[in-house]
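Residues per chain are reported as follows:
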Amino acid sequence: MASRGQELLERLRTEVLVLDGAMGTLLFEAGLRGGDCPELWNETHPDAIREVHRAYLEAGSDIVETNTFGGTRLKLAAYGLGDRVRDLNRLAVEIARSVCPPGRYVAGSIGPTGHLPDTVEPLGDVPLEEFRANFTEQAVALAEAGADLLAIETMMVPEEAQIAIRAAREATNLPIMCTMFFKYGREKGIDRTLWGSSPAEVARFLTDAGADIVGCNCGEGGPDRAAVIIREMRDATTRPLAAYPNAGLPRLVDDRTVYDLPPDEMAAGYPAILDAGARIVGACCGSTPAHIRAIAAVVSVWRPR
Ligand SMILES: [Zn+2]
């Protein structure tokens, strides 16, 4: 019998699947404070995490992401939780799994470590082997707990994405989605990673590294730029493409970060993302179940041209 991950890849040939929206944004609303470890909430506030998943599934998400964005050893160590990688990642998968019905999927989220391997001059600060082992450890923990695919996301540095993909590929047999963060340069009107790679370069690079699904997430530009990025990626890879941009740009209002795109305005940008070729669409920072509901409504009526 095909795994759920293989089933998902198969469905992408003919369907568009809807991912979820922000986790952090909703956890802050539920009482998470700056300086708290979000992944520890898998143990201390499982009901809050479950409610986030439930709300996104109800809004129309086909795929929900585990609360494990900072679940590598290097990230957790900053909270003195470096030895909790396995159980905090396992709890996160179990929570998502517990509300995920058949035909929908749990993606194990893997974010950047906040460090770089020492092979990347001059910023690298962690031995390459240790750096790689971080991703192996988290990927294995997510896979063993029953994730359907891995979502390596918000990657800033191509080398980090590549190492994460390869580590996950070697240690698990789950499909791998990898998406990178793009900055929009207003002066030149182009999108680049923080290290200067173009969308086409990123699509080729992630494909060569072994990702099954490639794309962009988070980022500065919102849905309008995501459509441009996906169009450029389309010509550079045969892999299915994913886009889950932020709900516009962050602004600080009364010490709170708010995002400027309400659900309907955000969803209005999605026909262009779908026309450009994205087969997984969702949303990132600042988005809520209301955003996903509006995006799912767009997906439900969209037809390929
Ligand atoms: Zn984001």
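Note that the structure is a prediction, hence the values are computed from the model and not measured.

Student: Could you clarify how one ought to interpret the overall build of the protein chain in this entry?
Tutor: Counting its regular elements, the protein chain contains 13 helices and 12 strands. The C-alpha radius of gyration computed for the protein chain amounts to 18 Å, which stays within 12% of the reference 19 Å derived for 305 residues, consistent with globular compactness. Expressed along its principal axes, the backbone C-alpha trace of the protein chain runs to roughly 55 × 50 × 40 Å. Counting the 305 residues in the protein chain, one finds 56% classified as buried. Looking at the protein chain alone, contacts between residues at least 24 apart form 75% of all its contacts between residues at least 6 apart. Per element, the accessible surface of the protein chain, about 13000 Å² overall, is 51% carbon and sulfur.

Student: Quick question: what am I supposed to make of the packing of helix 7 (residues 128–145) against helix 8 (residues 158–171) here?
Tutor: Two quantities define a packed helix pair, namely the angle between the helix axes and the distance between the axes. Packing of helix 7 against helix 8 brings their axes to within 8 Å, and their N-to-C directions diverge by 50°. When the interaxial angle is binned, helix 7 and helix 8 end up oblique. As for the relative orientation of helix 7 and helix 8, their crossing is right-handed in sense. Two secondary-structure elements touch here, helix 7 through Leu128, Phe131, Arg132, Phe135, Thr136, Ala139 and Val140 and helix 8 through Glu160, Ile163, Ala164, Ala167, Ala168 and Ala171. By residue class, the composition of the contact of helix 7 with helix 8 is 10 nonpolar, 1 polar and 2 charged.

Student: Please clarify how empty space enclosed by the protein should be interpreted in this entry.
Tutor: Here the idea is plain: a probe the size of a water molecule rolls over the atoms and shows the empty space left. The tally for this structure, following the rule as stated, stands at 1 cavity of 30 Å³ or more. Its boundaries defined by the atoms lining it, the largest cavity holds a volume of some 80 Å³. If you trace the largest cavity, you find 15 residues lining it, with Phe182, Cys218, Gly219, Gly221 and Ile229 closest to the centre. Residue assignment for the lining of the largest cavity shows that the elements contributing at least two residues are strand 8 (213–218) and helix 10 (222–234).

Student: Quick question: what am I supposed to make of the coordination of the zinc ion here?
Tutor: The coordination sphere of the zinc ion contains the protein donors Cys218 (SG), Cys284 (SG) and Cys285 (SG), at a distance range of 2.2 to 2.3 Å. As a motif over one chain, the donors of the zinc ion read C-x65-C-C. With a gap of 66 residues between them, Cys218 in strand 8 and Cys284 in the loop between strand 12 (278–281) and helix 13 (289–301) connect regions that are remote in the sequence.

Student: So what exactly am I meant to see when it comes to the pairing of strand 3 (residues 105–110) here?
Tutor: Each regular strand shows side chains that alternate between the opposite faces of the sheet. A large share of strand 3 lies buried, amounting to 6 of its 6 residues. Here strand 3 shows a buried face lined by Tyr105, Ala107 and Ser109 and a second buried face lined by Val106, Gly108 and Ile110. In this structure, strand 2 (residues 63–65) lies alongside strand 3, joined through 3 bridges in parallel fashion. Counted as the bridge partner of Ile63 is Tyr105 from strand 3. Where strand 3 lies against strand 4 (residues 149–155), 4 bridges are found, and the strand directions are parallel. Directly across from Gly108, in strand 4, lies its bridge partner Leu150.

The rules behind the values
- Residues numbered from 1 in each chain as written.
- Predicted model: local features only at pLDDT ≥ 70, side-chain atom pairs only at ≥ 80, totals over all residues.
- Heavy atoms only, no water.
- Helix = DSSP H or I, 4+ residues; strand = E, 2+ residues; numbered from the N terminus.
- Rg over C-alpha atoms; globule rule 2.2 N^0.38 Å.
- Buried < 20%, exposed > 50% of the residue type's maximum accessible area, 1.4 Å probe, protein only.
- Contact = heavy atoms within 4.5 Å.
- Areas by Shrake-Rupley, 256 points an atom, 1.4 Å probe, with all protein chains shown as cover.
- Axes fitted to C-alpha atoms, helices over the stretch in contact; angles between N-to-C directions.
- Parallel < 35°, antiparallel > 145°, perpendicular 65-115°, else oblique.
- Left-handed = near helix turned anticlockwise from the far one by under 90°.
- Nonpolar A, V, L, I, M, F, W, Y, C, P; charged D, E, K, R; others polar.
- 1 Å grid on protein atoms, 1.4 Å probe; cavity = no way out; pocket = protein on both sides within 12 Å on 5 of 7 lines; lining within 4 Å.
- Points joined across faces, edges and corners; volume = space filled by probe spheres on them.
- Donors = N, O, S within 2.8 Å, 3.2 Å for Na, K, Ca; no water.
- Pairing = 2+ DSSP bridges.

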